[in-house]
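# Examination of the molecular architecture
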Amino acid sequence: MQELFNLSGKRVLITGGTHGLGMAMAKGLANAGAELIINGHSPDKMEVALDHYKQAGYKASGYLFDVTQQEVVRESISKIEQERGAIDILINNAGIIKRIPAIDMDAQDFRSVIDVDLVAPFIVSKEVARHMIKRRAGKIINICSMMSELGRNTVSAYAAAKGGLKMLTKNLATEWAPHNIQVNGIGPGYFATEQTAPIRVDGHPFNEFIVNRTPAGRWGDPDDLAGTAVFLSSKASDFVNGQIIYVDGGILATIGKPSNE
Ligand code: GCO
Ligand code: CA
């Protein structure tokens, strides 16, 4: 049974793995035996993250590169494959959000969100898949969102990107299944991270709204993602392809309830 979920000898590249959900998934995979390759863009955050991983006893290395730049990504992936070895698992986790009402949003802001949240996963997947195809094995996990399914005020670009990422997942699963590559997604519900800090503060109406809207009655703890990340990285999911698994405490299962119920 344990063999199904064992990741010893496997290497995972996690974009934006220096903090938040990326870091929580990294720890989950490392606990299952995987070697961590962390991508980020801030040298300071990278140093803190690598210290953290190494203190926990994990094998981890860091690579700073911009996931939106095709040439840079291609070179960085080749470098990683040469210096560390085969990337067996890719988690496209890096993402940004801009909370601006659609009517006030500049196309430039909209494009920058699409670039990081949708175009970058395409670029990184393609550059890693080149190597996976030769080996006839690979796991790719795209970090989607509640906004892959639902709209919300102020997040038009983010919702457009995350909805697109869901369909990119299905499309890449279709194209690369013959090469024994599984491409799946994880759709986190509302998690207590840096990204949601501005809408989680005590007294913010959104804080109470989310706790009430989530059948589990709480914000997700980043560690709640580890099990699904390990499953989709492991042999246990070898015939699972093109699926988005929502880890949301039941949000998508329900229309919600009045706040006094
Ligand atoms: C927001 C939130 C969300 C969550 C998450 C939900 O403003 O609505 O930040 O986007 O972070 O992606 O799945
Ligand atoms: Ca240090």
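As a reminder, the structure under discussion sits directly above these lines.
The structure reproduced in this document is the subject of the present report. (Residues numbered from 1 in each chain as written. Chains lettered and ligands numbered in written order. Predicted model: local features only at pLDDT ≥ 70, side-chain atom pairs only at ≥ 80, totals over all residues. Heavy atoms only, no water.)

### Remarks on the sheet that holds strand β2 (residues 35-40)
- Here we have seven strands laid out as an open sheet, ordered β3-β2-β1-β4-β5-β6-β7, and parallel in their pairing. The open sheet is flanked by β3 (60-64) and β7 (244-247), the only strands paired with a single partner. The average undirected angle you get between the axes of adjacent strands in this sheet is 20°.
- Alignment of strand β6 (residues 181-188) against β7, held across four bridges, turns out to be parallel. The residue of β7 that forms the bridge with Gly185 is Ile244. (Pairing = 2+ DSSP bridges. Helix = DSSP H or I, 4+ residues; strand = E, 2+ residues; numbered from the N terminus. Axes fitted to C-alpha atoms, helices over the stretch in contact; angles between N-to-C directions.)

### Things to note about the pairing of strand β5 (residues 138-143)
- Across the six residues of β5, six count as buried, placing the element largely inside the fold.
- In β5, alternate side chains face the same way, and those of Gly138, Ile140 and Asn142 on one face and Lys139, Ile141 and Ile143 on the other are all buried.
- As paired elements, strand β4 (residues 89-92) and β5 share four bridges and run parallel to each other. Bridging across to β5, Asn92 finds its partner in Asn142.
- You can see the chain leave β4, run along helix α5 (residues 107-135) and come back into β5, and the turn it takes is right-handed.
- Relative to β6, β5 runs parallel, the two being bridged by six bridges. Residue Ile141 lies in a different strand from β6, and its bridge partner there is Asn184. (Buried < 20%, exposed > 50% of the residue type's maximum accessible area, 1.4 Å probe, protein only. Right-handed = clockwise from strand over helix to strand, strands pointing away.)

### Comments concerning the coordination of the calcium ion (ligand 2)
- For the calcium ion (ligand 2), the protein coordination sphere consists of Glu47 (OE), Asp51 (OD) and Asp51 (OD), at 2.5 to 3.0 Å. With Glu47 and Asp51 both in helix α3 (residues 43-55) and four residues apart, this pair spans about one turn of that helix.
- Owing to a relative accessible area of 53%, Glu47 belongs among the exposed residues under this scheme.
- A relative accessible area of 40% means that Asp51 is categorised as partly exposed. (Donors = N, O, S within 2.8 Å, 3.2 Å for Na, K, Ca; no water.)

### As for the pattern of salt bridges
- If you walk through the whole model with that rule in mind, you get twelve salt bridges.
- Between Lys98 and Asp109 there is a salt bridge, with the nearest N and O atoms lying 3.1 Å from each other. With a gap of eleven residues between them, Lys98 in the loop between β4 and α5 and Asp109 in helix α5 connect regions that are remote in the sequence.
- Under the relative-accessibility criterion, Lys98 is labelled partly exposed at 27%.
- Arg130 is paired through a salt bridge with Glu127; the nearest N and O atoms lie 2.7 Å apart. Of the two residues, Arg130 and Glu127 are both situated in helix α5; the distance of three residues between them amounts to about one turn of the helix.
- We classify Glu127 as buried; its relative accessible area is 2%. (Salt bridge = Lys/Arg side-chain N within 4 Å of Asp/Glu carboxyl O.)

### As for the site of ligand 1
- Near ligand 1, the surroundings consist of 14 residues, among which Arg99, Arg152, Tyr158, Pro188 and Gln195 are the closest.
- Here an oxygen atom of ligand 1 sits 2.6 Å away from a polar atom, N or O, in the side chain of Tyr158.
- Within the backbone of Gly189, a nitrogen or oxygen atom sits 3.4 Å from an oxygen atom of ligand 1.
- In isolation ligand 1 exposes 330 Å². Once the protein is present, 96% of that is buried. (Near = heavy atom within 4 Å. Polar contact = N/O pair within 3.5 Å; in protein donor to acceptor, adjacent residues only side chain to side chain. Areas by Shrake-Rupley, 256 points an atom, 1.4 Å probe, with all protein chains shown as cover.)

### Some remarks on the packing of aromatic side chains
- Following the criterion strictly, the structure yields three aromatic pairs and no others.
- Arranged with centres 5.5 Å apart and planes meeting at 50°, the rings of Phe206 and Phe209 form a pair that is tilted. Of the two residues, Phe206 and Phe209 both sit in helix α8 (residues 205-213), three residues apart, roughly one turn of that helix.
- By relative accessible area, Phe209 is classed as partly exposed at 45%. (Phe/Tyr/Trp six-rings, centres within 6.5 Å; stacked < 30°, edge-to-face > 60°.)

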